[in-house]
Amino acid sequence: MSTDTDVNTPAPPESEERVMGKDGMAALVDILTGRGYTVVGPTVRDGAIVLAELDSADQLPYGWGVELRAGQYRLRRRPDGAAFANAAGPQSWKTFLHPSRVRQWSADRTGEGTVFSADRTPPPRYAFLGVRSCDLRAVAIQDRVLTGGPHRDPVYQGRRSGAFLVAVECTEPGGTCFCVSMGTGPAAGPGYDLVLTEVVDDGGHRFWIRGGSREGAEVLAELPARPVDRDTREAARVGVTAAAERMGRTMPEADLRELMAGTLDAPRWDDVAGRCLTCGNCTMVCPTCFCTTTEDVTDLTGDHAERWRLWDSCFDLDFSHLHGGPVRASARSRYRQWMTHKLGTWYDQFGSSGCVGCGRCIVWCPVGIDITEEAAALHDWTRSRPPGEAS
Ligand code: SF4
Ligand code: SF4
């Protein structure tokens, strides 16, 4: 579904819901490809479930699940053959909407002087297949950050405005998921063109599919799908409800914004700084982190130069470099900046939490630092202080 810069029309009610089998999934990829989209979805590669361009639904990770722990990601075979029972992978959709490397311009020295040129290639039209509920919210957050103000990011806007989103409701949360705590899943919120819920039981392997936009309804009408039956709808709802009850992690029941503001001097920041390598992995995998830097490069002749925009991380020392040195020189200050921004000051800046509970930062932290554990420790600290010391 497009951003608010485009017209979004609700789907007609008569095409709201259908049931389809694996043949329907194959047709969905073909239909989207036929409509000119580059279809991107999950597939197995290099020991992980990664997001990649799909030529066929056969490339979906049918029969693969994952085992997620702090600092650990493992693929596991699933006997039920499910395609989407594998939680959030190492990448998020920002890889495609807000790419890690963008050439902004290039310059060439010629006989007539220096000639500057910009890349005028039209943005790709993506169809994202398998957008989990947490990631659907993350896309909405990046919409707000990158296109919601007076200064819109043209790269993001170009890619986002043409994107078609097929959401998937989670029925198998990972051990590091906590979308329920953040109010972002496992049921899908608004913002999709189509939404699927996968069901595998005695009734067969099938997908309950609903439209969320006019184009979603058009695609739905083209699919080899049948009217929804009560058993499928019920099984799908039970699966999503059960997933909500099996979250691997949970945030403390507290106002996280207040918690962050009231614990800036907590000794826990020294504790976590003693473990944090300031590698920045957590920011790279986070679906809402958006910071970038610029880098100028030249070729060996010095006649050609390029300016690139690259993802940056608040864990990098240079990130807060002003004249004379970095403002946040210690690991303590950098971890605290990241976490208090995600859970606290993001509200002041953008009106929501910056965390959607996907758990990626926990899985891909090389030393297994867990944002929910850190929040719980801060919460415990505030509760253990004598009343007079509370801020
Ligand atoms: S902070 Fe961690 S759990 Fe929250 S959205 Fe980012 S990667 Fe996911
Ligand atoms: S919290 Fe973990 S992933 Fe993030 S910078 Fe520290 S060591 Fe790296």
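Look up: the structure comes first, before these words.
On a predicted model such as this, the values are computed, not experimentally measured, just so you know.

Caption draft 1: Geometry of the overall build of the protein. A tally of regular secondary structure across the protein gives 13 helices and 16 strands. At 23 Å, the protein has a C-alpha radius of gyration in line with the 21 Å of a compact globule built from 391 residues. With the C-alpha coordinates of the protein rotated into their principal frame, the extents come out at 75 × 65 × 40 Å. Within the protein, buried positions represent 50% of all 391 residues. For the protein, the proportion of contacts with a sequence separation of at least 24, taken over those separated by at least 6, is 72%. For the protein, the distance from the average position of its 43 positive side-chain charges to the average position of its 52 negative side-chain charges is 2 Å.

Caption draft 2: Fine view of the sheet that holds strand β12 (residues 226-227). Reading across the sheet, the eight strands line up as β3-β2-β8-β9-β10-β11-β1-β12 and stay open at both edges, with mixed pairing between neighbours. Each edge of the open sheet carries a strand with a single partner, namely β3 (48-53) and β12. With three bridges joining them, strand β9 (residues 164-168) and strand β10 (residues 194-201) adopt parallel strand pairing. Looking at β10, one finds that valine 168 is bridged to leucine 196.

Caption draft 3: Seen up close, helix α7 (residues 230-244). Helix length check: α7, at 15 residues, gives a terminal C-alpha distance of 21 Å against a target of 21 Å (1.5 Å per residue), a fit within 8%. On its buried side, α7 packs onto β1 (17-20), β10 and β11 (204-211).

Caption draft 4: Representation of the nonpolar core. With 28 residues, the main nonpolar core has Val40, Trp93, Phe128, Leu136, Val145 and Leu165 as its most contacted residues. When residues of this core are traced back to their parent elements, those giving at least two are α2 (94-97), β8 (126-132), α3 (133-147), β9 and α11 (331-350). For this core, the leading source of residues is α3, giving seven residues. For this core, the domains that each give at least three residues are domain 1 (13-244) and domain 2 (256-389). Aside from chain neighbours lying at most four places away, what touches valine 40 is Leu51, Ala52, Glu53, Leu54, Trp93, Phe96, Tyr126, Ala127, Phe128 and Leu129.

Caption draft 5: Layout of the site of ligand 1. Surrounding ligand 1, one finds Phe178, Cys286, Pro287, Trp338, Lys342, Cys355, Val356, Gly357, Cys358, Gly359, Arg360 and Cys361. Where the shell around ligand 1 is concerned, the elements lending two or more residues are α11 and α12 (360-363). Partitioned by chemical class, the residues of the shell around ligand 1 number eight nonpolar, two polar and two charged.

Caption draft 6: Quick look at unusual backbone geometry. At the junction of glycine 185 and proline 186, the peptide bond is cis and its omega measures out at 5 degrees in the coordinates. Mapping proline 186 onto the fold places it in the loop between α5 (179-182) and β10. In this structure, aspartate 46 takes a positive phi of about 55 degrees despite not being glycine. Relative to the assigned elements, aspartate 46 resides in the loop between β2 (38-45) and β3.

About the criteria used
Residues numbered from 1 in each chain as written. Chains lettered and ligands numbered in written order. Predicted model: local features only at pLDDT ≥ 70, side-chain atom pairs only at ≥ 80, totals over all residues. Heavy atoms only, no water. Helix = DSSP H or I, 4+ residues; strand = E, 2+ residues; numbered from the N terminus. Rg over C-alpha atoms; globule rule 2.2 N^0.38 Å. Buried < 20%, exposed > 50% of the residue type's maximum accessible area, 1.4 Å probe, protein only. Contact = heavy atoms within 4.5 Å. Lys, Arg positive; Asp, Glu negative; His and termini not counted. Charge placed at Lys NZ, Arg CZ, Asp CG, Glu CD. Pairing = 2+ DSSP bridges. Expected span 1.5 Å × (residues − 1). Core = buried A, V, L, I, M, F, W, Y, C linked by side-chain atoms within 4.5 Å. Domains from an automatic or database assignment. Near = heavy atom within 4 Å. Nonpolar A, V, L, I, M, F, W, Y, C, P; charged D, E, K, R; others polar.

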